[in-house]
Amino acid sequence: MSAGPDFVLRPWEMSDLPLVREASQDPYIPLITTIPAHYSDAAAEAFVRRQWERAATGAGYPFAIVRSRDRRPVGSIGLWLRELPEGRASIGYWMVASGRGQGVTRAALCTVTSWALRDLGIPRLQLFIEPWNTASARIAVDVGYRREGLLRGWQRVGDERRDMAVYGLLNTDGTADGRAVTAD
């Protein structure tokens, strides 16, 4: 999938191990994802295989975010379908330091959001963002998500339970581009 002129979203590949290595060195990404905290080729390969398994079993759609000009992966975004029977899905994303500040996270979130709501017809999407993560919250709001509340002690992050702000977007809401999500 194209995420604008500069980035594409594609399934994970074993060639993405350098991205897993860079993400494992980030102080935060391994705390909130299944990225290995201590890199090894075996652990990184297991991470990529988990992404394939999630897609194969219908648990979700994990994508590597890849820069078009040099085909370098710089992050990840996933649409997770665990709560689809209740009419909702969640999106999670992360970006390594070398990919931040280029608008890629916003483009990837906008792309997956539009695809999930318009093409897949999912009624509700959710994001869970730590209250201190103002950059991620700003991106969510820019794409059209609304902050709906604070979930106290919602998620284990490292060795502690942390609060998460929940952001939601319904397929009947307008998006950042001002268009209705569902067809008339």
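All figures in this text were calculated on a predicted structure; none of them were measured in a lab. (Residues numbered from 1 in each chain as written. Predicted model: local features only at pLDDT ≥ 70, side-chain atom pairs only at ≥ 80, totals over all residues. Heavy atoms only, no water.)

**Student:** What am I meant to see in the layout of surface pockets here?
**Tutor:** To find leftover empty space, one rolls a probe the size of a water molecule over the atoms. Its boundaries defined by the atoms lining it, the largest pocket holds a volume of some 1,400 Å³. The wall of the largest pocket is formed by 45 residues, among which Ile 32, Thr 33, Gly 92, Tyr 93 and Phe 128 lie closest to the centre. Here the lining of the largest pocket gets eight residues from one element, more than from any other, and that element is strand β4 (residues 88-95). Its residues assigned to classes, the lining of the largest pocket comprises 21 nonpolar, 16 polar and eight charged. (1 Å grid on protein atoms, 1.4 Å probe; cavity = no way out; pocket = protein on both sides within 12 Å on 5 of 7 lines; lining within 4 Å. Points joined across faces, edges and corners; volume = space filled by probe spheres on them. Helix = DSSP H or I, 4+ residues; strand = E, 2+ residues; numbered from the N terminus. Nonpolar A, V, L, I, M, F, W, Y, C, P; charged D, E, K, R; others polar.)

**Student:** What's the story with the environment of Asn 171 in this structure? I'm lost.
**Tutor:** Counting through the fold element by element, Asn 171 comes out in the segment after β7 (160-170). Asn 171 sits in the buried class, given a relative accessible area of 14%. Remark: the alpha-carbon pair of Asn 171 and Thr 113, spanning 58 residues in sequence, is separated by 9.5 Å. (Buried < 20%, exposed > 50% of the residue type's maximum accessible area, 1.4 Å probe, protein only.)

**Student:** Would you explain the pairing of strand β6 (residues 146-157) in this entry?
**Tutor:** Regular strands place their side chains on alternate faces of the sheet. Pairing geometry for β6 and β7, over eight bridges, is antiparallel. By the bridge assignment, Gln 155 is partnered in β7 with Arg 162. Between β6 and β7, which follow one another and run antiparallel, lie two residues, and Gly 158 among them has a positive phi close to 65°. (Pairing = 2+ DSSP bridges.)

**Student:** Would you mind showing me how to read the packing of helix α1 (residues 17-24) against helix α3 (residues 41-57) here?
**Tutor:** What describes two packed helices is the angle between their axes and the distance between those same axes. Two elements in contact, α1 and α3, have axes whose closest approach is 10 Å; the angle formed by their N-to-C orientations is 110°. By the angle between their axes, α1 is roughly perpendicular relative to α3. Contact residues: α1 offers Leu 17, Val 20 and Arg 21, while α3 offers Asp 41, Ala 44, Glu 45, Phe 47 and Val 48. A per-class count over the contact of α1 with α3 returns five nonpolar, no polar and three charged. (Axes fitted to C-alpha atoms, helices over the stretch in contact; angles between N-to-C directions. Parallel < 35°, antiparallel > 145°, perpendicular 65-115°, else oblique. Contact = heavy atoms within 4.5 Å.)

**Student:** Sorry, what's going on with the pattern of salt bridges here?
**Tutor:** Any two side chains of opposite charge can pair if their charged atoms end up close together. Counted by the stated rule, this structure contains 10 salt bridges. Salt-bridge contacts for Asp 16 lead to Arg 10; the nearest nitrogen and oxygen are separated by 2.7 Å. For Asp 16, a relative accessible area of 1% puts it in the buried group. With a closest N to O distance of 3.5 Å, Arg 162 and Glu 160 form a salt bridge. (Salt bridge = Lys/Arg side-chain N within 4 Å of Asp/Glu carboxyl O.)

**Student:** It is not clear to me how the pairing of β4 should be interpreted in this structure. Could you clarify?
**Tutor:** By the criterion of burial, β4 is predominantly enclosed, with six of the eight residues buried. Where strand β3 (residues 73-80) meets β4, six bridges bridge the pair, whose relative direction is antiparallel. By the bridge assignment, Ser 76 is partnered in β4 with Trp 94. Judged from the three bridges that link them, β4 and strand β5 (residues 124-129) form a sheet pairing that is parallel. Looking at β5, one finds that Arg 88 is bridged to Arg 124.

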